[in-house]
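Here's the letter readout for the chains.
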Amino acid sequence: MSHYHIKHLEEYYQVYRKSVRNPEIFWEEIAEEHFLWRKKWDKVLDWNFETPEIKWFEGAQLNITENCIDRHLATRGNKTALLFEPNDPTEAAQHITFQELSERVNKMANVLKAKGVTKGDRVCIYLPMIPELAVSVLACARIGAIHSVVFAGFSANALASRINDSDCKLVVTSDGSFRGEKTIDLKGIVDNALEDCPGIEAVLVVNRIASEVQMKDGMDHWLQPLLDEASAECQAEVMAAEDPLFILYTSGSTGKPKGIVHTTAGYMVYTAYTFKNIFQYRENDVFWCTADIGWITGHSYIVYGPLCNGATTVMFEGVPSYPDYGRFWDIVEKHKVTQFYTAPTAIRALAKEGVAHLQNRDLSSIKVLGSVGEPINEEAWHWYDDNVGKRKAPIVDTWWQTETGGIMISPIPFVTPTKPTYATLPFIGIQPALMDEQGEEIKGNQVDGRLCIKFPWPGMLRTIWRNHERFKDTYFSAYKGMYFTGDGALRDEVGYYRITGRVDDVIIVSGHNLGTAPIEDAINEHPAVSESAIVGFPHDIKGNALYGYVTLKDSGESRDHNNLRKEINQIITEQIGPIAKLEKIQFTNALPKTRSGKIMRRILRKIAQGEFDDLGDTSTLLNPEVVEEISKNAIV
Ligand code: WT7
């Protein structure tokens, strides 16, 4: 019998050892006993971290939607699959059963087919957190189309470049979205984006906010009338194990966003198995992950992981502050949420508002709390533990990445003793390694280094969309034969891991991964700007915020700096989105550079953090004198 559900620490160690000694046997048992296959595999694993090539369950055939929906219909047809909580608390919540979900997904799948979408085509989904988002994702998977969900906070430019990079054929969007008291004109953003997207053949539009939008003849279609006409039956496309399931873009430290490719069988097995154990999911639990489906957290732990386990999964359209900072707790009480999974930035924002919002709300349904997206600081951890979990609900600090598909390092609640700020132990099947700068593995405990993974796991990315070279360079070239995560970590005296943060030029702001290069490229488009450099600095709520150093083409004396700051942030908003706006912008005559012309970000980082006494050796710089100027004028 496989160990699908780990229940105590002894069992964890025993199963972990097995999963490392005999990964093929271990994962084969899990796959065999807990999923629905049209055909089983010929080989469990084929891998090479040099080329690199990774294949799990080769030869197998399946459709992930039969695992997420169809197989539950006989026993859970009337159980709530999606529990939709609207932005407006006075609008009724929707309890969408597995039976209803099946019908809605099939109808949507038939609409996509009627619009000419076939297996392997890319479909871009640009929707707010409404049921149609999950339905569209699953409808693509039903017919073997590759979904590319773009977070509906991204700008027209960012949307267009993602659509074009993966040659999407069709876009699913809505007239607009509700966010607290605001509405956002999504259709207008799509219209702008599509001016640069010649490959798009059709746009399907959900009517969410009943706003007036322009509908282009022959291109734009209201979705509802098409759904009304569509059949509620749609044969699932038979997919090969390694057929791509989706593309999801993530920022790199350089260049344009990377289209991370996940495939079908391994991703399914890994997200389902991690979900079951890391949230200790049991039948009749109500699971709520507050992420947006536009991020990997939503893909894996709102849609695929929960549904594959037949779970009820909450989708919340709104924001934590509307109508007030008690909204999360209202939802927990109203739907008797049992597992609550959110980000440190949200915890800090709520903590700042004080505990009054928690008083009078019954949170006793909560069994497990989760954290994801960035390191959780000790203060936030304790606030969460004391006030939300009342010290009875273990906190799972889950470390993972868009690339890893599912959670990699995390406690298993009621199994692994937790320790604030520590993601604790590797999950079953995960083999972490800490590396030094010479490329040697650092063995033993009480050490720190760069976090790598030594052996493939089923949920890992397989490539970067149409850029296998970049895939190899980014993840497999720094340390021979290993997957490099880009994070630093330490391992304590008992082998617990603590993630210390990025060691590359990615900055995590409010849990969002931002590459410095694309932001700098955007700033440099301003006609007055000559050069720029972005670094992160600690921020009470966002974790990190962005500090920009900008040099101007003329000395800039004559210009209104505050106006320039606004214009620069405006360009960033247009090119990337409001999440990438700079908190502080310092104009300077020059940037510190090495003799080979590389910007010395290390020094700029120290200055932004206010550590002026600790700038290190500046004598090797091409222009050491600018360091003093920058320090003197730093914005603190
Ligand atoms: C990066 C990946 C995984 C879903 C959300 C983010 C950081 C993520 C933790 C954590 C410390 C964390 C890492 C990682 N990160 N979770 N529990 N503790 N750091 O996915 O956008 O691909 O970002 O987020 O730096 O590399 P992502």
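Conventions and cut-offs
Residues numbered from 1 in each chain as written. Predicted model: local features only at pLDDT ≥ 70, side-chain atom pairs only at ≥ 80, totals over all residues. UniProt positions renumbered as here; feature names shortened; annotations may be inferred. Helix = DSSP H or I, 4+ residues; strand = E, 2+ residues; numbered from the N terminus. Buried ≥ 20, exposed ≤ 12 C-beta atoms within 10 Å, placed from the backbone. Near = placed C-beta within 6 Å. Nonpolar A, V, L, I, M, F, W, Y, C, P; charged D, E, K, R; others polar. Axes fitted to C-alpha atoms, helices over the stretch in contact; angles between N-to-C directions. Parallel < 35°, antiparallel > 145°, perpendicular 65-115°, else oblique. Contact = placed C-beta atoms within 7 Å. Domains from an automatic or database assignment.

The name an unreviewed UniProt entry gives the chain is Acetate--CoA ligase, with Subsaximicrobium wynnwilliamsii as the organism. What the UniProt record of the chain gives under Sequence similarities (unreviewed entry) is the line "Belongs to the ATP-dependent AMP-binding enzyme family."

A. Main features of unusual backbone geometry. Between T51 and P52 the backbone carries a cis peptide bond, its omega angle lying at -20°. Mapped onto the secondary structure, P52 falls in the loop between β1 (43–48) and β2 (53–58). Look at the link from Y322 to P323: it is a cis peptide, with omega at -5°. Position of P323 among the secondary structure elements: in the loop between β17 (312–316) and α12 (327–335). Even without being a glycine, N360 presents a positive backbone phi close to 50°. Note on placement: N360 falls in the loop between α13 (344–352) and β19 (368–372). You can call N360 exposed: it has 9 C-beta atoms within 10 Å.

B. Seen up close, the site of the ligand. Taken together, the neighbourhood of the ligand is formed by 22 residues, with P375, Q401, T402, I499 and N513 sitting nearest. Of all the secondary-structure elements, those providing two or more residues to the shell around the ligand are α11 (296–308), β19, β20 (395–398), β25 (483–491) and β26 (497–502). In terms of residues, the shell around the ligand owes the most to one element, β25, which gives three residues. Of the residues contributing to the shell around the ligand, the split by class is eight nonpolar, 10 polar and four charged.

C. Structural view of the packing of α13 against helix α14 (residues 378–388). Where α13 meets α14, the closest approach of the two axes is 10 Å, and the angle between their N-to-C directions is 70°. Overall, the two elements α13 and α14 adopt an arrangement that is roughly perpendicular. For the pair formed by α13 and α14, the contact residues are P344, I347, R348 and A351 on the first element and A380, W383 and Y384 on the second. Looking at the contact of α13 with α14 residue by residue, the classes come out as six nonpolar, no polar and one charged.

D. Spatial organisation of the domain arrangement of the chain. Examined at the domain level, the chain breaks down into domain 1 (9–489) and domain 2 (510–633). With centres defined by C-alpha atoms, the gap from domain 1 to domain 2 works out at 33 Å. On the side of domain 2, 19 residues touch domain 1, which itself brings 20 residues to the contact. Counting only elements with at least two residues in the side of domain 1 that touches domain 2, the list comes to α7 (156–165) and α13.

E. Structural context of the environment of N63. Tracing the backbone through its elements, the reader meets N63 in the loop between β3 (61–62) and α3 (64–68). Every residue in contact with N63, bar those within four places of it in the chain, is listed here: R142, A236, E237, V238 and M239.

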